[in-house]
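Report on the structure
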Amino acid sequence: MPPDSTYGLFLVIVSFQIITMGKTPFGDLRRSWAVILIGVCTAVIGMVACFVPGLLAEPVRILVGLLLFAGGAVLLAQLFFSEDKARKWLKVSGILQHLTIACILVYALSIVLGLVTLLPGITTDRETAVLLIIYGIGFFYLSWSIQNAARTYPPGETPA
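Fair warning: this is a prediction, and the values are worked out from it, not measured in the lab.

Each value, and the rule that gives it
- Residues numbered from 1 in each chain as written.
- Predicted model: local features only at pLDDT ≥ 70, side-chain atom pairs only at ≥ 80, totals over all residues.
- Heavy atoms only, no water.
- Helix = DSSP H or I, 4+ residues; strand = E, 2+ residues; numbered from the N terminus.
- Contact = heavy atoms within 4.5 Å.
- Areas by Shrake-Rupley, 256 points an atom, 1.4 Å probe, with all protein chains shown as cover.
- Lys, Arg positive; Asp, Glu negative; His and termini not counted.
- Charge placed at Lys NZ, Arg CZ, Asp CG, Glu CD.
- Salt bridge = Lys/Arg side-chain N within 4 Å of Asp/Glu carboxyl O.
- Buried < 20%, exposed > 50% of the residue type's maximum accessible area, 1.4 Å probe, protein only.
- Axes fitted to C-alpha atoms, helices over the stretch in contact; angles between N-to-C directions.
- Parallel < 35°, antiparallel > 145°, perpendicular 65-115°, else oblique.
- Left-handed = near helix turned anticlockwise from the far one by under 90°.
- Nonpolar A, V, L, I, M, F, W, Y, C, P; charged D, E, K, R; others polar.
- 1 Å grid on protein atoms, 1.4 Å probe; cavity = no way out; pocket = protein on both sides within 12 Å on 5 of 7 lines; lining within 4 Å.
- Points joined across faces, edges and corners; volume = space filled by probe spheres on them.
- Core = buried A, V, L, I, M, F, W, Y, C linked by side-chain atoms within 4.5 Å.

1. Quick look at the overall build of the protein chain
- A count of helical and extended segments in the protein chain gives six helices and two strands.
- Helices and strands appear in the protein chain in the N-to-C order α-β-β-α-α-α-α-α.
- A principal-axis box enclosing the C-alpha atoms of the protein chain has dimensions of 55 × 40 × 25 Å.
- Sequence-distant contacts in the protein chain: of pairs separated by 6 or more residues, those separated by 24 or more amount to 68%.
- Just so you have it, the protein chain exposes about 9,600 Å², and 73% of that area is on carbon and sulfur atoms.
- Between the mean site of the 10 positive side-chain charges and the mean site of the 8 negative ones, the protein chain shows a separation of 8 Å.

Below, the structure is given as structure tokens:
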């Protein structure tokens, strides 16, 4: 499968999240017609890239790289500058510290992988593979942290 097909599939998956839940690479948005329209346009671009390899190879690679890089940067900034996230979480020992570390790991790797996608010659294939494996492990760590944080601090309850 050519890389543009993989990038296209990534765009389609991201588009489904945007359309159905309002979840974007930059954070959650309230679902509106504008957000849904952006999601549909992104899905169309992704599907064309999947089914007609080579047609949109360069624009799709750049779009995915920008989404990963900018999305990771925005989410990392939100994590550190929001009063009710990392600042508060790091003061509480246990699962919230794990959650903070997991978020930092995933967001930082999103930035790095965005750069690798935008500038494909900066790493070897093996280095990229290692980064992707670490990224996957980071997602498992993040999901474990979210699940345990939700059990420890049910919605509506704030940690002391």
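Back to the text.
2. Looking at the pattern of salt bridges
- Going through the model one piece at a time under the given rule, you end up with three salt bridges.
- Across the salt bridge formed by arginine 61 and glutamate 58, the nearest N and O atoms sit 2.2 Å from each other. A residue pair is termed a helical-turn pair when its members lie 3 or 4 positions apart in one helix, as arginine 61 and glutamate 58 do in helix 3 (residues 57–81) at three residues.
- On the basis of relative accessibility, which here comes to 12%, the residue arginine 61 falls in the buried class.
- A relative accessible area of 44% means that glutamate 58 is categorised as partly exposed.
- The salt bridge involving arginine 87 is made with glutamate 83; its shortest N-O contact spans 2.7 Å.
- The exposed category is assigned to glutamate 83, whose relative accessible area is 57%.

3. Regarding the packing of helix 1 (residues 3–21) against helix 3
- Put simply, helix 1 and helix 3 touch, their axes get as near as 9 Å, and they point 50° apart. Classified by the angle their axes make, helix 1 and helix 3 are oblique. Seen from above, helix 1 lies across helix 3 with left-handed handedness. In contact with Asp4, Tyr7, Gly8, Phe10 and Leu11 of helix 1, helix 3 contributes Ala57, Val60, Arg61, Leu63, Val64, Leu67 and Leu68.
- Here the contact of helix 1 with helix 3 is built from residues that sort into nine nonpolar, one polar and two charged.

4. A closer look at the layout of surface pockets
- Roughly 840 Å³ of internal volume is contained in the largest pocket.
- Lining the largest pocket are 29 residues, and of these Thr24, Pro25, Leu75, Tyr107 and Phe139 lie nearest its centre.
- The set of elements that each furnish at least two residues to the lining of the largest pocket consists of helix 1, strand 1 (23–24), strand 2 (27–28), helix 3, helix 5 (95–118) and helix 6 (125–152).
- With seven residues, the top contributor of residues to the lining of the largest pocket is helix 3.
- In terms of residue class, the lining of the largest pocket is made up of 18 nonpolar, seven polar and four charged.

5. What about the side chain of serine 15?
- Residue placement: serine 15 occurs in helix 1.
- Ignoring anything within four residues of it in the chain, the contact list for serine 15 reads Gly39, Thr42 and Ala43.

6. Re the nonpolar core
- Ranked by internal contacts, the top residues of the largest apolar core, which has 27 residues, are Leu79, Leu96, Leu99, Cys103 and Tyr107.
- Among the elements of the structure, helix 3, helix 4 (86–89), helix 5 and helix 6 are those that each provide at least two residues to this core.
- Among the elements that line this core, the one with the most residues is helix 5, at 11 residues.
- Ignoring any residue separated from it by four or fewer positions in sequence, one finds cysteine 103 in contact with Leu79, Trp89 and Leu142.

Scope: geometric values only; no functional claims are made or implied.
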